[in-house]
Amino acid sequence: MSKTKKVLARKMSPESLMMSYGYKPELSEGAIKCPIFQTSTFVFKTAEEGKSFFEVAYGKRALRPLEETGLIYSRINNPDLEILENRLCLWDEAEDGAVFESGMAAISTTVLELLKPGDLLLHSEPIYGGSDHFFKHILLKFGIHSVGFMPNQSKEEVINIINSTGKADKLAMIFIESPANPTNDLIDMKMCVEIAKKFSTNNKKVITAIDNTFLGPVFSHPLKHGFDLVLYSATKYIGGHSDVIAGACVGSKELMKRIKSFRSIMGTMASPNTGWLLLRSLETLKMRMTLQAQNAEKIAVWLNKHPKVEKVYYLGLLKKGSKQYSIYKQQCLAPGAMISFDVKGGEKKAFKVLNQLQLIKLAVSLGSTESLAEHPYSMTHAPVNDELKKKMNLTEKLIRLSVGVENYLDIIADIEQALAKA
Ligand SMILES: *Cc1c(COP(=O)(O)O)cnc(C)c1O
């Protein structure tokens, strides 16, 4: 008895809870795994029950003690999504979360709910291509302006950028992506939170949001550093098997309530099948990310010594004493599994290496069990303007590598033979 109590009293790690948290087998014929609730609608026991579920769904009353939200319709709620959201929250220690049919659906739904015409959005550069287009072109159509800053700019410089827009009083959100893709430059979360505070007033809080796709939810926990919202392309590490497109957002109850209501209206929620796939994936998340990070470290160190490699961009190789290193120590738990490197000789040589790879597949996307390589300059970052690319060391000689779970010696052997032939 006392033994059981002790076990229960201990706060369990997320990886221990990913197989069971939030799921009641007795509600599903005793099935050990949560089934796919592939249903559009749910049967109410009585009209009174239906009325009561809708009262909660439309915010007419709060949940009573011990009452659970009733299932209504799969655009509003579905067991696969609710269980998945509860499990996702455990990693970031978030109050609530929402899953979406893509990372872009998560980002666009969240930003559109929280910003209004006239507002200013500050974002880090470079940013994921889809987000970049959404901020610079789509938001503008709604009268929302955006302005960017570079990873190594100081707090004063960033404040000057905000002031120089003439819309400093309209700053509504700071949105960052850290580490930046593909060069792994870190953005200082603490600095962003301080800037958000500086521009917040009694009736307007500047919201801080981060795209945590590259290191989270295992190696980076931005809510602990004062961020309000954490966003994910769950297509990447969370899904982890290159077989699903999905997204997520986690944060406070208050913000998530707004985002979830807007998701219901926009219809950007994930499908039950997507939810089920991600529940499966979460069970091995820690294991996969840990092994991928271990592999990446060995590969990065090896690449760093290779005579045909000019420079390696990897968080585990940051120089002690540098500003980037201190940011890394402050906000990251491990270097993750994304490596970029410059091949001596430019695009021609980089293409030769990419074309010779055998085990490693030539594809965009990242975070999956299989290792992937791509050429950011001409592929993922093709639309980025040349000047910005130059500023961020993104040149034709750069190859981006997403390290998978294969034996690292096989990955190294594959890169070695490709470099030898190039
Ligand atoms: C892939 C990606 C996205 C977009 O996610 P989708 O699931 O493809 O919509 C957003 N941010 C980052 C950092 C990504 O890598």
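The numbering scheme is per chain: residues are counted from 1 as the chain's sequence reads. The model is predicted, so local features are restricted to residues of pLDDT at least 70 and side-chain atom pairs to those at 80 or more, both for listing and for counting; the totals for chains, interfaces and linings are taken over all residues. Computation of side-chain values: all heavy atoms of the structure, hydrogens and water removed.

### Remarks on a positive patch on the surface
Note on patches: the residues involved have over 30% relative accessible area and no salt bridge, like charges join within 9 Å, and the nonpolar side chains Val, Leu, Ile, Met, Phe, Trp and Tyr join within 5 Å. Surface accessibility follows the Shrake-Rupley procedure with a 1.4 Å probe radius. Residue values consider only the protein chains on display as shielding. What counts as a salt bridge is simple: a side-chain nitrogen of Lys or Arg found within 4 Å of a carboxyl oxygen of Asp or Glu. Think of it this way: Lys and Arg go in the positive column, Asp and Glu in the negative one, and His and the chain ends go nowhere. We put the charge of a Lys on NZ, of an Arg on CZ, of an Asp on CG and of a Glu on CD. Positive charge collects at one region of the surface, where Lys 308, Lys 348, Lys 349 and Lys 352 lie side by side. Segments assigned H or I by DSSP are reported as helices when at least four residues long, segments assigned E as strands when at least two residues long, and all are numbered from the N terminus. Among the structural elements, Lys 308 can be located in the loop between helix H11 (285-305) and strand S8 (309-313). Its relative accessible area of 31% is what places Lys 308 among the partly exposed residues. Exposed residues in this analysis have more than 50% of their type's maximum accessible area, buried residues have under 20%, and partly exposed residues fall in between, with area computed by a 1.4 Å probe over protein chains only.

### Considering the nonpolar core
Within this scheme, the nonpolar core is defined by two criteria: the residues are buried Ala, Val, Leu, Ile, Met, Phe, Trp, Tyr or Cys, and they are joined through side-chain atoms within 4.5 Å. In this structure, Leu 303, Ile 339, Leu 401 and Ile 415 are the most contacted members of the largest nonpolar core, which totals 91 residues. In terms of residues, this core owes the most to one element, H11, which gives eight residues. Looking at this core, you find at least three residues from each of domain 1 (97-277) and domain 2 (285-421). Apart from residues no more than four positions distant in its own chain, Ile 339 is found in contact with Asn 184, Ala 296, Ile 299, Ala 300, Leu 303, Val 312, Tyr 313, Tyr 314, Ile 399, Arg 400, Leu 401 and Val 403. Formed by 25 residues, the second largest nonpolar core is a distinct cluster that contains Ala 98, Phe 134, Ile 144 and Leu 231. Boundaries between domains were set according to an automatic or database domain assignment. When checking whether two residues touch, look at their non-hydrogen atoms; a contact exists if any pair is within 4.5 Å.

### Some thoughts on the packing of aromatic side chains
Any two aromatic rings considered together are summarised by their centre-to-centre distance and by the angle between their planes. Here a pair means two rings of Phe, Tyr or Trp (six-membered ring of Trp) with centres within 6.5 Å. Their orientation is stacked below 30 degrees between planes, edge-to-face above 60, and tilted elsewhere. All told, the structure shown has five aromatic pairs when counted by the stated rule. Taking the centre distance of 5.8 Å and the plane angle of 10° together, the rings of Phe 54 and Tyr 58 count as stacked. On the basis of relative accessible area, Phe 54 is assigned to the partly exposed category, the value being 31%. You can call Tyr 58 exposed: its relative accessible area is 57%. Residues Phe 134 and Phe 135 carry aromatic rings whose centres are separated by 6.1 Å and whose planes lie at 55° to one another, so their mutual orientation is tilted.

### Observations regarding the sheet that holds strand S11 (residues 372-374)
Between any two strands, at least two bridges found by DSSP are needed for them to pair. The mixed open sheet is built from five strands, whose spatial order is S8-S9-S12-S11-S10. Unpaired on one side and paired on the other, S8 and strand S10 (361-362) mark the two borders of the sheet. Pairing geometry for S10 and S11, over two bridges, is parallel. The partner of Leu 362 across the bridge, within S11, is Ala 373. Axes, fitted as lines to C-alpha atoms, cover a helix only where it is in contact. Angles between the N-to-C directions of the axes lie from 0 to 180 degrees. With respect to the sheet, H11 is in contact with S8, strand S9 (338-343) and strand S12 (398-402), its orientation differing from that of S9 by roughly 15°.

### Remarks on the environment of Phe 54
Along the chain, Phe 54 falls in helix H3 (residues 47-57). Taking the C-alpha atoms as reference, Phe 54 lies 55 Å from Ser 322; in sequence the two are 268 residues apart. Dropping the residues within four chain positions of it, Phe 54 is found in contact with Phe 44 and Ile 72.

### Thoughts on the pattern of salt bridges
Throughout the structure, instances matching the rule amount to 22 salt bridges. A salt bridge links Arg 61 to Glu 67; its shortest N-O distance comes to 3.0 Å. Residue Arg 61 is classed as buried on the basis of its relative accessible area of 16%. On the basis of relative accessible area, Glu 67 is assigned to the partly exposed category, the value being 21%. When the shortest N-O distance is used, the salt bridge between Arg 263 and Glu 85 registers 2.9 Å.

### Focus on the domain arrangement of the chain
The domain boundaries assigned to the chain delineate domain 1 (97-277) and domain 2 (285-421). The C-alpha centroid of domain 2 is placed 24 Å from the C-alpha centroid of domain 1. Contact with domain 1, which involves 35 residues of that partner, is made by 41 residues of domain 2. For the domain 1 and domain 2 pair, buried surface summed over both sides reaches about 3,300 Å², with 63% attributable to carbon and sulfur atoms. On the domain 1 side of the contact with domain 2, Leu 186, Phe 219 and Tyr 237 bury the most area, a combined 25% of that side's loss. The interface formed by domain 1 and domain 2 includes zero salt bridges. In the analysis that follows, any N or O atom pair within 3.5 Å is treated as a polar contact, provided that within protein one partner can donate a hydrogen and the other can accept it, and provided that, for residues neighboring in sequence, both atoms belong to side chains. Counting across the domain 1 and domain 2 interface gives 15 residue pairs in polar contact (both at pLDDT 80 or more). Under this grouping Gly is polar, as are all residues other than the nonpolar Ala, Val, Leu, Ile, Met, Phe, Trp, Tyr, Cys and Pro and the charged Asp, Glu, Lys and Arg. Residue composition of the side of domain 1 that touches domain 2, by class: 14 nonpolar, 16 polar and five charged. Summed over both partners, the accessible area lost on bringing two parts together, with a 1.4 Å probe, is the buried area.

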